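Survey of secondary and tertiary structure
Chain by chain, the residues run as shown.
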Amino acid sequence: MSEPRDVDVVVIGAGQAGLSAAHHLARQGFAPGSGFVVLDGDAAPGGAWQHRWPSLTLATTHRVHELPGLAFEPASEDLPAAEAVPAYFAEYERRFALPVERPVRVSAVRRTDDGRFAVETDRGTWRARGLVNATGTWTRPFVPHYPGQETFRGRQLHTVGYRGAAEFAGRSVVVVGGGASAVQLLGEIAPVARTTWVTRRPPVWREGPFGEEQGREAVARVEAAVRAGRMPGSVVGVTGLVVTPWVRRALDDGVLTRLPVFDRITPDGVAWDDGRTVAADVILWATGFRAAVGHLAPLRLRTRDGVIPVEGTTAVDEPRLQLVGYGPSASTIGANRAGRSAAVALRRLLAADLPRSA
Ligand SMILES: Cc1cc2nc3c(=O)[nH]c(=O)nc-3n(C[C@H](O)[C@H](O)[C@H](O)COP(=O)(O)OP(=O)(O)OC[C@H]3O[C@@H](n4cnc5c(N)ncnc54)[C@H](O)[C@@H]3O)c2cc1C
């Protein structure tokens, strides 16, 4: 096993949040390579965008905000997000000569006796004085458990495994979840299959534009929850689901008529305690994600809710750990801002600490 490599800062993850942090670390005076390094588990640039389903186009995303310092100018809004965004990220890494090492998967982060972090990976160990965690959520899809789930004879998949509606043609599909992904996938699947939509709470539709004030309110609620170590509610719970022209038509046609979530799963479908049943060939779990922070477990920062409390981007109990794209900054615009505040925080903290290795 090779000797640990020493740097000031290790950034874990090269999605929107990690690249923004890397850009700002360089601007704060950390030297690319000797001062900081970005370790990314994927084989190619693009973060989670490279894995999104092929029918998700730039036009059907909410909005992908550009990274600091380079315009995102795709040739067409109809390009698959899984192609256009990774191409932009690849150009970004090249343009700013960001020191991204891949594929490198971080398995554990521990404190060392001399007050550093040891970042253990499948390619050896890096030692750092500060850390930026930017690992997103895509690698941790969340599927709730319902009684009888293991007896289901059909196919169950999470949105991470969705590749397009064609494979469901003529089938009966139960879509679970009240978020934007569920609505979007229903829009694709309903024209070719029989769909049933179930959500825990009745959806709240938003006809008007989503203004700055609502945005601030949504972020403030998530911030308050994460600071207190509580699991934040879904963003859609605060913002509502956008009524696009397609959604308007689907609402009028009854495609988006929702039922409460079933009480149990049977070998042939789903069932409610009031005796109602729906036969199903497929259960599609559009039930979201959790933060991919298992590698940080040795630092023992998680509350009983499984949340690492943060103030801004700084872990409350371990200030040299910055979490970006986490909690309130888990959007492309939030991740951008978080990258800057993480870099600024680390420059201040580490300047007061040992001399730089750069
Ligand atoms: C279907 C879908 C559509 C979305 N659309 C939008 C949108 O339109 N606008 C918007 O603002 N947000 C959108 N989001 C939210 C979006 O995911 C975030 O805004 C943003 O892309 C996440 O960036 P990130 O850098 O935090 O994470 P990611 O893009 O997931 O990047 C994380 C990186 O960390 C790496 N990694 C993970 N674990 C490890 C490890 N242990 N070791 C090493 N590397 C690791 C991964 O390989 C990956 O490259 C969408 C989410 C989904 C699921």
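In case you missed it, the structure is sitting above this.
Residues numbered from 1 in each chain as written. Predicted model: local features only at pLDDT ≥ 70, side-chain atom pairs only at ≥ 80, totals over all residues. Heavy atoms only, no water.

So, about unusual backbone geometry. A cis amide bond, omega -10°, links R102 with the succeeding residue P103. By secondary structure assignment, the location of P103 is in the loop between β3 (100–101) and β4 (106–111). One non-glycine residue, R300, adopts positive backbone phi at about 55°. For R300, the position within the fold is in the loop between β16 (282–285) and β17 (310–311). By relative accessible area, R300 is classed as exposed at 75%. (Helix = DSSP H or I, 4+ residues; strand = E, 2+ residues; numbered from the N terminus. Buried < 20%, exposed > 50% of the residue type's maximum accessible area, 1.4 Å probe, protein only.)

Here we come to the pattern of salt bridges. A full pass over the atoms with the stated rule returns 18 salt bridges. The closest approach of N and O atoms between R94 and E91, which form a salt bridge, is 3.0 Å. Taken as a pair, R94 and E91 lie in helix α2 (residues 81–95) at a separation of 3 residues, close to a single helical turn. The class for R94 is exposed, based on a relative accessible area of 59%. Among the residues examined, E91 registers a relative accessible area of 25% and is labelled partly exposed. The residue D273 makes a salt bridge to R264 at a minimum N-O spacing of 3.1 Å. Its relative accessible area of 61% is what places D273 among the exposed residues. Three or more residues are tied together by salt bridges with common partners; here these are D40, E93 and R102. (Salt bridge = Lys/Arg side-chain N within 4 Å of Asp/Glu carboxyl O.)

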